[in-house]
Amino acid sequence: MSKKLVVGNWKMHGSRAANAELLKGLLEADLSASAPRSNVAVCVPFPYLGEVVATLQGSAITVGSQDVSAQAQGAYTGEVSGAMVREFGARYAIVGHSERRSYHSESDQLVADKAKAALAQGLVPIVCVGETLAEREADQTEAVVGRQLKAVADTLGADLSKVVVAYEPVWAIGTGKTASPAQAQAVHAFLRAQLKAAQAQAVNVPLLYGGSVKPDNAAELFSQTDIDGGLIGGASLKASDFAAIARAA
Ligand code: PGA
């Protein structure tokens, strides 16, 4: 993996006016200079997909959703299919973010089914895995992320090589506590080995780190052997911070 991938996760933030301001800042930051070294994307709330795609047309920044249904279509009130997301010009869909696993009780298998549906409908799933603080302290980090990844590997088979995986320790998300580069690298190396063992081609799956990535820690994290980029929450809401992180890649 040489080219880095830096993805913003806006979560449930924004308004049409705030988005316009943020995107204006990103376009003015002109990330095309770093385009040979990094791909940049923003994952936005569903209602804004069309407008954000239109605003970013012709720029180096692509767009994704923050979730997607495991179903293709039908009587699933409130769900949004991958085909709908794709139709609005998005390229990525985050699946299995820890906030969805914990607040919406998403199981490992549901996350795997969402990844499968996203792929079937032309999106690249960004599959999130990560342990809680209690799990880390109980020395369960590898067991937890290994179990989360295995559900995806078993469900996707040969298509495992087409996903992006994001390691996001739950204790580092939005807390200002970042995994040290060495801690993150250790888990990424474990995930890389698991991917390779599951499917030879999957050794090249981009592995993003997420959890309090900021302009001042991004470069060191991204310099680790098995860290291929980042999934950025809070800092993706400020154009200057997100642009600085993208440049660090
Ligand atoms: P954070 O969020 O950068 O605000 O910690 C990361 C994420 O939840 O994807």
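Everything that follows concerns the structure shown earlier in this document.
Here's what I pulled together on the structure shown here. (Residues numbered from 1 in each chain as written. Predicted model: local features only at pLDDT ≥ 70, side-chain atom pairs only at ≥ 80, totals over all residues. Heavy atoms only, no water.)

### What about the layout of surface pockets?
And then number 1: The volume enclosed by the largest pocket comes to roughly 420 Å³.
And then number 2: Around the largest pocket, the lining comprises 19 residues; the ones closest to its centre are Lys-11, Met-12, Gln-66, Asp-67 and Arg-100.
And then number 3: By residue number, the principal contributor to the lining of the largest pocket is helix H4 (residues 98-103), which donates 3 residues.
And then number 4: Tallied by class, residues from the lining of the largest pocket come to 8 nonpolar, 6 polar and 5 charged. (1 Å grid on protein atoms, 1.4 Å probe; cavity = no way out; pocket = protein on both sides within 12 Å on 5 of 7 lines; lining within 4 Å. Points joined across faces, edges and corners; volume = space filled by probe spheres on them. Helix = DSSP H or I, 4+ residues; strand = E, 2+ residues; numbered from the N terminus. Nonpolar A, V, L, I, M, F, W, Y, C, P; charged D, E, K, R; others polar.)

### Re the packing of helix H7 (residues 141-156) against helix H8 (residues 181-198)
And then number 1: For the pair H7 and H8, the least separation of the axes is 10 Å and the interaxial angle reads 35°. Read as a crossing pair, H7 and H8 show a hand that is right-handed. From H7, Thr-141, Glu-142, Val-145, Gly-146, Leu-149 and Ala-153 reach across to H8, where they touch Val-187, Phe-190, Leu-191, Gln-194, Leu-195 and Ala-198.
And then number 2: Considered class by class, the residues forming the contact of H7 with H8 number 8 nonpolar, 3 polar and 1 charged. (Axes fitted to C-alpha atoms, helices over the stretch in contact; angles between N-to-C directions. Left-handed = near helix turned anticlockwise from the far one by under 90°. Contact = heavy atoms within 4.5 Å.)

### What to know about helix H1 (residues 16-29)
And then number 1: Taking 1.5 Å of rise per residue, the 14 residues of H1 would be expected to cover 20 Å, and the 20 Å separating its terminal C-alpha atoms lies within 8% of that figure.
And then number 2: Against strand S2 (38-43), helix H2 (49-56), strand S3 (61-65) and helix H10 (239-248) lie the buried residues of H1.
And then number 3: Asp-30 sits one or two residues past H1 and shows a positive phi near 45°. (Expected span 1.5 Å × (residues − 1).)

### What about the sheet that holds strand S5 (residues 124-129)?
And then number 1: The strand order around the closed barrel formed by 8 strands is S1-S2-S3-S4-S5-S6-S7-S8, and the pairing between neighbours is parallel. Adjacent strand axes in the sheet meet at a mean angle of 25°, parallel and antiparallel pairs treated alike.
And then number 2: Here 4 bridges tie S5 to strand S6 (residues 164-167), and the two strands are oriented parallel to one another. Following the sheet pairing, Ile-126 is matched in S6 by Val-164.
And then number 3: The strands touched by H2 within the sheet are S2 and S3, with S3 carrying the most contacts at an inclination of about 170°.
And then number 4: Relative to S5, helix H5 (residues 108-120) is tilted by about 165°, and along the sheet it contacts strand S4 (92-95) and S5. (Pairing = 2+ DSSP bridges.)

### Some details on the nonpolar core
Generally speaking, nonpolar side chains in soluble globular proteins are found buried as a group.
And then number 1: Core analysis: the largest hydrophobic core is formed by 65 residues, its most contacted members being Val-42, Val-52, Leu-191, Tyr-209 and Phe-222.
And then number 2: It is H7 that provides the largest number of residues to this core, a total of 6 residues.
And then number 3: Those residues within four positions of Val-42 in sequence are excluded, and the remaining contacts are Gly-8, Trp-10, Leu-26, Val-52, Leu-56, Ile-61, Thr-62, Val-63, Gly-64 and Phe-242.
And then number 4: Counting residues in each nonpolar core, the second largest holds 13 residues, with Leu-5, Cys-43, Ala-166 and Leu-231 among its members. (Core = buried A, V, L, I, M, F, W, Y, C linked by side-chain atoms within 4.5 Å. Buried < 20%, exposed > 50% of the residue type's maximum accessible area, 1.4 Å probe, protein only.)

### What to know about the site of the ligand
And then number 1: In the region of the ligand, 13 residues are neighbours, and Lys-11, His-97, Glu-168, Gly-174 and Ser-212 sit closest.
And then number 2: Contact distances for the ligand include 2.7 Å between an oxygen atom and a side-chain N or O atom of Lys-11.
And then number 3: Gly-234 is positioned such that a nitrogen or oxygen atom in its backbone is 2.8 Å from an oxygen atom of the ligand.
And then number 4: In isolation the ligand offers 280 Å² of accessible surface; the protein chains occlude 97% of this area.
And then number 5: Its residues assigned to classes, the shell around the ligand comprises 4 nonpolar, 7 polar and 2 charged. (Near = heavy atom within 4 Å. Polar contact = N/O pair within 3.5 Å; in protein donor to acceptor, adjacent residues only side chain to side chain. Areas by Shrake-Rupley, 256 points an atom, 1.4 Å probe, with all protein chains shown as cover.)

### What about empty space enclosed by the protein?
And then number 1: Applying the stated criterion across every chain yields a total of 1 cavity of 30 Å³ or more.
And then number 2: Estimates place the volume of the largest cavity at around 40 Å³.
And then number 3: Forming the boundary of the largest cavity are Gly-96, His-97, Ser-98, Arg-101, Cys-128, Val-129, Gly-130, Gln-148, Glu-168 and Val-170.
And then number 4: Grouping the constituent residues of the lining of the largest cavity by class yields 3 nonpolar, 5 polar and 2 charged.

### A short note on unusual backbone geometry
Among all residues save glycine, negative phi is the norm, and among peptide bonds the norm is trans.
And then number 1: Positioned with a positive phi, Lys-11 is a non-glycine residue whose angle comes to about 55°.
And then number 2: Among the secondary structure elements, Lys-11 is positioned in the loop between strand S1 (4-9) and H1.
And then number 3: For Lys-11, a relative accessible area of 18% corresponds to the buried category.
And then number 4: Not every positive phi belongs to a glycine, and Asp-139 is a case in point at roughly 65°.
And then number 5: Along the chain, Asp-139 turns up in the loop between helix H6 (133-137) and H7.

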